[in-house]
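# Fold and geometry: a report
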Amino acid sequence: MSKAALPARRRSVFISGASIAGPALAFWLDRHGFDVTVVERAPTIRTGGYPIDVRGTAIDVVERMGLLPPVRAAHIASRAMTFVDGAGAVIGSIPIYEAIGSETGRDVELPRGTLATLLYDATRNSGVDYRFSDSIDTLHDDGAGVDIGFASGRQERYDIVIGADGLHSRTRHLVFGPEEQFTHSLGFCFSLFSMPNDRGLSHGGIVHAEAGRTAGIWAVQDSPKVFGFLAFATDEAPVSASRDAEKHILRTREAFAGMGWEVQRLLDAMATADDLYFDSVSQIRMPRWSKGRVALVGDAAFAPSFRSGQGTSLALVGAYVLAGELATHDNPEDAFAAYERLTRPFVEANQALATDGNGAFFLPRTQKDIETRDRILAEIARNGTAGMFDDTRAC
């Protein structure tokens, strides 16, 4: 008498990180029948936050997830970015979607935390196991599985491990080595923080820039708070530039000393903000995104920097492709190879958006950059933006 075939064991996947790439990957892996665990060092999903863009191919991914209606409902519809001189006089203005290459009526801008919450809500009741206030501490891949030691002391074993833990990925460090070898500086450090909307700014931003330093405020719709932004040119290594908050605040004050407009108010708000986020403007560039049974996705693998405007879209697309390849390959190494083969050209094209000539329009490093920007603004005032930013279109 023949025995009935036993069902195949569901493969277990551990994901480090619950921002965008992690929950998006968990969504698709759960759909494909994997046992998924997501661990996040924060106590909960981070809500609120600065605006992000979902563009191009990523819109198709969101639509396939069934999340496009709520994503569109959260669209914040920014209008324009206005540039001013040191006395606050207007130099020129540009429709923001023209400047960043978004397709009006298709691409979406929404708060980062809103998208993170939508992804979390779509997965937390479906079988995905979320664990907060914990993080990966040790990792050992023996070829047959991966043993993970957590900061909490828990020890567990998984078939597959994915690092979706951001620019300063702990998973990447454990598997591939120190961050310095993969970080490519784009020559700036920046601060992002919230502050009172004392000007009544709505649906857009104001920017004042001098050679090597840029200051701005950005309003999300009619919020009583705005986001302050300060960026300055530096040759300091990206990793060392992103660790010590007090040192960063001091260096930022020194970099912006004597600057006009409302810069002093921004500096004071930065120093007292309870949500200050600061880092280098840099990319992650790796020759491989996987090793054995471990792979990386999102910023952990290929951070393009905010200058590209494509970090969120790359995370969504990368998660979709990675999950699909894991579902169609029994051997995770074969799945990872296919994921990279399909995704790398898309990633590299979008990373290039951060280093093209248009980058100096928003973060001018030299006086020549300032003069070029002002000529462009004058041309826009005369003739509009048609064709001026075509190379920033989402891939």
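Heads up: these notes are all about the structure in this document.

About the thresholds
Residues numbered from 1 in each chain as written. Predicted model: local features only at pLDDT ≥ 70, side-chain atom pairs only at ≥ 80, totals over all residues. Heavy atoms only, no water. Salt bridge = Lys/Arg side-chain N within 4 Å of Asp/Glu carboxyl O. Helix = DSSP H or I, 4+ residues; strand = E, 2+ residues; numbered from the N terminus. Buried < 20%, exposed > 50% of the residue type's maximum accessible area, 1.4 Å probe, protein only. Polar contact = N/O pair within 3.5 Å; in protein donor to acceptor, adjacent residues only side chain to side chain. Pairing = 2+ DSSP bridges. Axes fitted to C-alpha atoms, helices over the stretch in contact; angles between N-to-C directions. Left-handed = near helix turned anticlockwise from the far one by under 90°. Contact = heavy atoms within 4.5 Å. Nonpolar A, V, L, I, M, F, W, Y, C, P; charged D, E, K, R; others polar. Core = buried A, V, L, I, M, F, W, Y, C linked by side-chain atoms within 4.5 Å.

Attention now moves to the pattern of salt bridges. Going through the model one piece at a time under the given rule, you end up with 21 salt bridges. Here Glu340 makes a salt bridge to Arg344, at a shortest N to O gap of 2.6 Å. Taken together, the residues Glu340 and Arg344, both in helix 11 (residues 332-351) and four residues apart, mark about one turn of the helix. A single burial state applies to Glu340 and to Arg344, both of which are buried. In this structure, a network of salt bridges that share partners links the residues Asp129, Arg131, Arg154 and Glu156.

Attention now goes to the environment of Asp198. If you trace the backbone, Asp198 turns up in the loop between strand 12 (183-196) and strand 13 (204-210). Along the sequence, Asp198 and Pro224 sit 26 residues apart, while their C-alpha atoms lie 8.0 Å from each other. In terms of polar contacts, Asp198 uses its side chain to reach the side chain of Arg265, at 3.3 Å.

Let's shift gears to the sheet that holds strand 10 (residues 155-158). If you trace the three strands from one edge of the open sheet to the other, you get 8-9-10, paired in antiparallel fashion. Among the strands making up the open sheet, the edge pair consists of strand 8 (136-141) and strand 10. Direction aside, neighbouring strands of the sheet carry axes that sit 25° apart on average. As paired elements, strand 8 and strand 9 (residues 146-150) share five bridges and run antiparallel to each other. Bridge pairing in strand 9 links Leu139 to Ile148.

With that settled, the discussion passes to unusual backbone geometry. Backbone geometry at Ser133 places phi at a positive 55°, although glycine is not the residue there. Even without glycine at this site, His203 takes up a positive phi of about 55°. By secondary structure assignment, the location of His203 is in the loop between strand 12 and strand 13.

Let's shift gears to the packing of helix 1 (residues 21-31) against helix 10 (residues 311-328). Where helix 1 contacts helix 10, the axes come no closer than 8 Å and their chain directions differ by 30°. Remark: the crossing between helix 1 and helix 10 carries right-handed chirality. Listed contacts from helix 10 to Ala21, Ala24, Leu25, Trp28 and Leu29 of helix 1 are Ala315, Leu316, Ala319, Tyr320, Leu322, Ala323 and Leu326. Tallied by class, the residues present in the contact of helix 1 with helix 10 amount to twelve nonpolar, no polar and no charged.

Let us look at the sheet that holds strand 16 (residues 277-284). Read from one edge to the other, the open sheet built from seven strands follows the order 5-4-13-14-15-12-16, with strand pairing classed as mixed. At either end of the open sheet lies a strand with only one pairing partner, and these are strand 5 (90-95) and strand 16. With direction set aside, neighbouring strand axes in the sheet form an average angle of 20°. Here strand 4 (residues 80-84) runs beside strand 13; their pairing, made up of five bridges, is parallel. Residue pairing for strand 13: Thr82 is matched across the bridge by Ile206. The sheet strands contacting helix 13 (residues 367-383) are strand 4, strand 5 and strand 13, and the helix crosses strand 5 at an angle near 65°.

This brings us to the nonpolar core. Judged by nonpolar contacts, the single largest core of 76 residues is most densely connected at Ile15, Leu29, Leu115, Ile148, Ile162 and Leu316. For this core, the element with the most residues is helix 10, which contributes nine residues. Ignoring sequence-local partners within four residues, the contact set of Ile148 consists of Phe14, Ile136, Thr138, Leu139, Arg154, Gln155, Glu156, Tyr158 and Val161.

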